[in-house]
Amino acid sequence: MNTSDTSNDRRRRVGDRACQLLTDRDGALPVWIRAPKYGPEYFSGFSRSKLYELYSQGKIDSRSIREPGQVKGTRLFNLRSILDFIETCGTGKTEGE
């Protein structure tokens, strides 16, 4: 087996694990979501950069799925933690409305 075959096997395993997590559901909503490549994320409306910013500030939960020694992986964000964060932000109404 050459190194490209090994690399493809690892990529497939990581992809399989990520796909399994992405298919987990909490009622009608998924448990884990991926950051969008462009535009807003479907359930929260947050951009990719906003999701990473909130995660780095410790405001939402995230996991990186990758094999040991692998440089790249798949980052998943916990949708419930994102929705809980939005709930803590208040109503968004300004005075006089």
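What counts, and at which threshold
Residues numbered from 1 in each chain as written. Predicted model: local features only at pLDDT ≥ 70, side-chain atom pairs only at ≥ 80, totals over all residues. Heavy atoms only, no water. Salt bridge = Lys/Arg side-chain N within 4 Å of Asp/Glu carboxyl O. Helix = DSSP H or I, 4+ residues; strand = E, 2+ residues; numbered from the N terminus. Buried < 20%, exposed > 50% of the residue type's maximum accessible area, 1.4 Å probe, protein only. Core = buried A, V, L, I, M, F, W, Y, C linked by side-chain atoms within 4.5 Å. Contact = heavy atoms within 4.5 Å.

Observations concerning the pattern of salt bridges
A side chain of one charge can pair with a side chain of the opposite charge when the charged atoms of the two come close.
Here comes step 1: Using the criterion set out here, one finds 3 salt bridges in the structure.
Here comes step 2: Of the charged contacts in the structure, one is a salt bridge between Glu-53 and Lys-50, with a shortest N-O distance of 3.4 Å. Note that Glu-53 and Lys-50 are positioned in helix α2 (residues 48–56) at a spacing of 3 residues, about one turn of the helix.
Here comes step 3: With a closest N to O distance of 3.4 Å, Asp-84 and Arg-80 form a salt bridge. Residue Asp-84 and its partner Arg-80 are located together in helix α3 (residues 79–88), separated by 4 residues, close to a single helical turn.
Here comes step 4: Take Asp-84: its relative accessible area is 37%, and that puts it in the partly exposed class.

What to know about the nonpolar core
Here comes step 1: Counting residues in each nonpolar core, the largest one holds 11 residues, listed as Ile-33, Ala-35, Phe-46, Leu-51, Leu-54, Ile-60, Phe-77, Leu-79, Ile-82, Leu-83 and Phe-85.
Here comes step 2: Of all the elements in the fold, those that place two or more residues in this core are α2 and α3.
Here comes step 3: Residues within four places of Leu-79 in sequence aside, it is in contact with Leu-29, Pro-30, Val-31, Ile-33 and Phe-43.

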